[in-house]
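Spelled out from the first residue to the last, the chains are:
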Amino acid sequence: MSESRHTIYFDNNATTRVAPEVIEVLLPMLERHWGNPSSAYGIAREIAGHVENAREKVAALIGAEPREIVFTSCGTESNNAAIASALRAAPEKRHVITTAVEHSANIAFGRELERRGCEVTFLPVSPDGSLDLGLLDQSIRPDTAIVSVMWANNETGVLFPIPEIAAFCRSKGVPFHTDAVQTPGKLKIDVKELGCDMLSLSGHKLHAPKGIGLLYVRRRFKFHPYVIGGHQERGRRGGTENVPYIVGFGRAAELALERLDDEQGRVRALRDKLEDGLLKAVPHTTRNGAKEPRLPNTSNLAFDFVEAEAILMLLDRAGICASSGSACTTGSLDPSHVLTAMGLSPMRARGSVRFSLSHDNTEAEIDTALEQIPPIIAKLRAISPLNPGHPDNENYDIEAARVRHEEETARATGAE
Ligand SMILES: *Cc1c(COP(=O)(O)O)cnc(C)c1O
């Protein structure tokens, strides 16, 4: 960020800073190597070479062969393309399975498919954000064209057991796609171990620019293009290649591999320090989602009796960037569809804040956040009409408010 004051950026699941190492290899592609890689002359072949070199690097990040990589414009396109391809491959199959906690790329595409006459099953999750594989078993039908389940949730960091789900889909003969956009640099990715047919990544979640993504398509898996045009990407995605961003994506893939240990060690420790510190310092605060298995960089916390939007505003004034829900739904007043699907009460969902760290964060930033955040929550609670300690609410005691809140939660989750 360009502010003169130091900004503490805890919103890496929304987007990441473009790494200087990425900019370094990207700029010459804009300045000097701007040709079309499909042209016939020598400099074009050289540029095509840069694209293939980047393809090898992103393939290495996920344990794939270079020819299994299709560059796209973003993670959203990759997800849309995977599902559209499966429906095109088996036109008689009109049923799609995904989950209720996917990125809006899948939720909104699923809703669109319903309008086009498909049936879409959005698998529910438990209060800790986990999936019941028995429900997946019950949902698969002879006309199921594809199962698409994300690996890591962008809001809570909760991980789904992709190898099990992939093996199960394979046993049923149903294609399986996973949205792994949140995982590079945080988890070791090996498409062979995962056993998926298709997998999506997005450059801007791993310190490359926005506007570049990829879809891994397993060798010999029948794929139908979504963007139809020229014969680029072996006929799997039309459109002249975004050479500078592809080259940057390749460099970012190398960095993600190099930084995996840092993310799983140091960054995880920073995340835990922040989360444990806030849970301890701020009463009536809970973690959303299972503690494990979870991404090492993500913490989603519910601060009861306050609105996340108000917290984010005061955090912003203190120079701290965080988010409520996902960046794609900010601006709408609806509570996060992910937290709602986990059965959180509307009040608790609306008071939830996501902190997502990266390699760029430091221990000093965590210390500053731990000093700044508790007084911000206390200040907001002092003026919150929901707050039992509010001067207008003298008759409320905190216990009664807690009980009321639990009742509201129970109603929202349909429990007794
Ligand atoms: C960010 C994100 C996407 C969308 O990627 P874009 O490149 O922004 O389209 C998809 N899925 C998940 C889990 C994400 O976090």
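Above this note sits the structure.
Everything in this summary refers to the structure shown in the same document. (Residues numbered from 1 in each chain as written. Predicted model: local features only at pLDDT ≥ 70, side-chain atom pairs only at ≥ 80, totals over all residues. Heavy atoms only, no water.)

Observations concerning the overall build of the protein chain
Short version of the rule: Put simply, DSSP H or I for four residues or longer makes a helix, DSSP E for two residues or longer makes a strand, and each gets a number counted from the N terminus. Radius of gyration here uses only the C-alpha atoms, and the compact-globule reference equals 2.2 Å multiplied by the residue count raised to the power 0.38. Exposed residues in this analysis have more than 50% of their type's maximum accessible area, buried residues have under 20%, and partly exposed residues fall in between, with area computed by a 1.4 Å probe over protein chains only. By definition in these notes, contact holds between two residues if any of their heavy atoms fall within 4.5 Å. In this description, accessible areas are obtained by the Shrake-Rupley approach with a 1.4 Å probe, and a residue is regarded as covered only by the protein chains that are shown.
Scanning the protein chain from terminus to terminus reveals 15 helices and 12 strands. Relative to a compact globule of 416 residues, whose C-alpha radius of gyration would be 22 Å, the protein chain shows 23 Å and is just as compact. When its C-alpha atoms are laid out on the principal axes, the protein chain stretches across 80 × 55 × 35 Å. Going through the 416 residues of the protein chain one by one, you find that 55% of them count as buried. Here the contacts in the protein chain between residues at least 6 apart in sequence split such that 74% fall between residues at least 24 apart. Total accessible area on the protein chain stands at roughly 18000 Å², and carbon and sulfur atoms take up 54% of it.

Looking at the site of the ligand
Going by this rule: Nearness here has a simple test: a residue counts as near a molecule or strand if at least one of its heavy atoms is within 4 Å of that partner. Pairing of N or O atoms within 3.5 Å defines a polar contact, subject to two protein rules: one partner must be a possible hydrogen donor and the other a possible acceptor, and residues neighboring in sequence count only if both atoms are side-chain atoms. Classification convention: Asp, Glu, Lys, Arg as charged; Ala, Val, Leu, Ile, Met, Phe, Trp, Tyr, Cys, Pro as nonpolar; all other residues, Gly among them, as polar.
Looking at the ligand, the residues that line it are Cys-74, Gly-75, Thr-76, His-103, Met-150, Asn-154, Asp-179, Val-181, Gln-182, Ser-202, His-204 and Lys-205. Note that an oxygen atom of the ligand is positioned 2.6 Å from one of the side-chain N or O atoms of Ser-202. At 2.8 Å, a side-chain N or O of His-204 approaches an oxygen atom of the ligand. For the ligand, the accessible surface in isolation is 380 Å², of which the surrounding protein chains cover 91%. A class-by-class count of the residues in the shell around the ligand yields three nonpolar, seven polar and two charged.

Here we look at unusual backbone geometry
With the exception of glycine, the majority of residues adopt a negative phi angle, and the majority of peptide bonds are in the trans configuration. Of note, the amide linkage connecting Glu-292 to Pro-293 takes the cis form, showing an omega dihedral of -10°. Tracing the chain through its elements places Pro-293 in the loop between β9 (285-287) and β10 (298-303). Positive phi values are uncommon outside glycine, yet Glu-233 reaches one of about 55°. Inspection of the secondary structure assignment puts Glu-233 in helix α8 (residues 232-235). With a phi angle near 75°, Phe-305 is a residue other than glycine that sits in the positive phi range. Of note, Phe-305 is situated in the loop between β10 and α11 (308-317).

By themselves, these are just geometric observations and shouldn't be taken as functional.
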